[in-house]
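A closer look at the structure
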Amino acid sequence: LQQAAAALAELDVLATFAVLAAERGYIRPLVNNGSRLLIEDGRHPVVERMATTEPFIPNSVEMDEENNIMIITGPNMGGKTVALKTVGLLTVMAQAGLHIPADDHAELSIFEQIFADIGDEQSIQANLSTFSSHLRHIITILEQADDRTLVLLDELGSGTDPAAGAAIGMAILERLTNRRVITVATTHYGALKEFATRTDGVENGSMVFNVDTLMPTYRFRQGIPGASYAVEIGQQLGMPEEVLRRATT
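Here's what I pulled together on the structure shown here. As the structure is a prediction and not an experimental result, all values here were calculated from the model.

With that settled, the discussion passes to the pattern of salt bridges. Evaluation of the coordinates by the stated rule reveals four salt bridges. Ionic pairing is found between Arg-36 and Glu-107, a salt bridge with its closest N-O pair at 3.2 Å. Of this pair, Arg-36 sits in the loop between strand S1 (30-32) and strand S2 (37-42) while Glu-107 sits in strand S5 (residues 106-109), and the two are 71 residues apart along the sequence. For Glu-107, a relative accessible area of 16% gives the class buried.

See below:
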């Protein structure tokens, strides 16, 4: 009876995955043993499910051994972190043998390790600031990551002086580039955008912002850096006009 119950549970899980893939139009990705990552019109499965009032915006990304670092910039609330998580989640789904939410074509590597530094883990009890908690994770990543690793870094270098944060961010990315580690990082630092333009293996990407409507489009644009649009977003959220004028003078 125990063996039969275990077999039925496994069958139920597989059937649920199959029904989910059929209902939502998921596809079977190709897999490779190299470092190629290609997602066409990929969608975050949870965010897509929550998008009930407006259609979810899919995005595409392509990386390989020659261009193994992607730096995503753009405004707050523009979708940078969702794009970052989509790459990681779809990779994990594929490695678990699942179909993934993408259109037409997807090709993903089988990574031996996946590291993610996302969110804020500051702790009074552990005497950790935002910056030190990020560094603790990144030190582990730098010790273990190699060319069979996927690394996801959200707001790289944040939580400290911007000049120092950008400098250490560049040093981290340089080391990951030399090791041919497939890395996706988000940031607001202009210095990291410039680093991408002059460094082989590093590419810019951005989340597009509609300056006419002052609204994010949630569309990812590979190869072009983006701006943060802090003043425009402040205006959209109701920041006093006097403060906005002072910020721009």
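Where helix H4 (residues 130-144) meets helix H5 (residues 162-178), the closest approach of the two axes is 11 Å, and the angle between their N-to-C directions is 20°. On the basis of the axis angle, H4 is roughly parallel to H5. Here H4 and H5 pass one another in a crossing that is left-handed. Here Leu-135, Ile-138, Ile-141 and Leu-142 of H4 lie close against H5, whose contacting residues are Ile-168, Ile-172, Arg-175 and Leu-176.

Before going further, it helps to spend a moment on the environment of Asp-41. Locating Asp-41 in the fold gives a position in strand S2. On the basis of relative accessible area, Asp-41 is assigned to the partly exposed category, the value being 28%. The sequence separation of Asp-41 and Thr-249 amounts to 208 residues, and the corresponding C-alpha distance is 41 Å. What Asp-41 contacts, discounting residues up to four positions off in sequence, is Pro-58, Asn-59, Ser-60, Pro-101, Ala-102 and Asp-103.

Take the pairing of strand S8 (residues 182-186) next. Burial analysis of S8 places five of its five residues in the buried class, which makes it a mostly covered element. Going residue by residue along S8, you find Ile-182, Val-184 and Thr-186 tucked away on one face and Thr-183 and Ala-185 tucked away on the opposite face as well. By the bridge criterion, four bridges tie strand S4 (residues 69-73) to S8 in an arrangement that is parallel. By the bridge assignment for S8, Met-70 is matched with Val-184. Alignment of strand S7 (residues 149-153) against S8, held across four bridges, turns out to be parallel. Bridged to Val-151 within S8 is Thr-183. Crossover handedness for the path S7 to H5 to S8: right-handed.

What follows deals with the packing of aromatic side chains. The tally for this structure, following the rule as stated, stands at one aromatic pair. Considering the side-chain rings of Phe-209 and Tyr-229, the 4.7 Å spacing of their centres and the 25° angle between planes classify their relative orientation as stacked. Residue Phe-209 is located in strand S9 (residues 202-210), and its partner Tyr-229 is located in the loop between strand S10 (215-222) and helix H7 (230-236); the two are separated by 20 residues in the primary sequence. The class of Phe-209 is buried, set by a relative accessible area of 7%. With relative accessibility at 25%, the residue Tyr-229 sits in the partly exposed group.

All buried positions along helix H6 (residues 190-198) are accounted for by Leu-192, Lys-193, Phe-195 and Ala-196. Angular distribution of buried residues about the axis of H6 spans 160°; they occupy a single face of the element. Among the exposed residues of H6, those oriented more than 90 degrees off its buried face are Glu-194, Thr-197 and Arg-198. Close packing links the buried residues of H6 with S4, H5 and S9.

Turning our eyes to something else, we now look at the sheet that holds S1. Strand order in the open sheet formed by four strands is S1-S5-S2-S3, with mixed pairing between adjacent strands. A strand with exactly one partner marks an edge of an open sheet, and here the two such strands are S1 and strand S3 (59-63). For this sheet, the mean angle separating the axes of adjacent strands, direction not counted, is 25°. Pairing of S2 with S3, which is carried by four bridges, proceeds in the antiparallel orientation. Within S3, the residue paired with Ile-39 across the bridge is Val-61.

Here the focus is a nonpolar patch on the surface. Nonpolar side chains collect at one region of the surface, where Val-13, Leu-14 and Phe-17 lie side by side and expose about 260 Å² of accessible area between them. Within the fold, Leu-14 resides in helix H1 (residues 2-24).

So, how was this worked out
Residues numbered from 1 in each chain as written. Predicted model: local features only at pLDDT ≥ 70, side-chain atom pairs only at ≥ 80, totals over all residues. Heavy atoms only, no water. Salt bridge = Lys/Arg side-chain N within 4 Å of Asp/Glu carboxyl O. Helix = DSSP H or I, 4+ residues; strand = E, 2+ residues; numbered from the N terminus. Buried < 20%, exposed > 50% of the residue type's maximum accessible area, 1.4 Å probe, protein only. Axes fitted to C-alpha atoms, helices over the stretch in contact; angles between N-to-C directions. Parallel < 35°, antiparallel > 145°, perpendicular 65-115°, else oblique. Left-handed = near helix turned anticlockwise from the far one by under 90°. Contact = heavy atoms within 4.5 Å. Pairing = 2+ DSSP bridges. Right-handed = clockwise from strand over helix to strand, strands pointing away. Phe/Tyr/Trp six-rings, centres within 6.5 Å; stacked < 30°, edge-to-face > 60°. Arc of directions from axis to C-beta. Patch = residues over 30% accessible without salt bridge, like charges linked within 9 Å, V, L, I, M, F, W, Y side chains within 5 Å. Areas by Shrake-Rupley, 256 points an atom, 1.4 Å probe, with all protein chains shown as cover.

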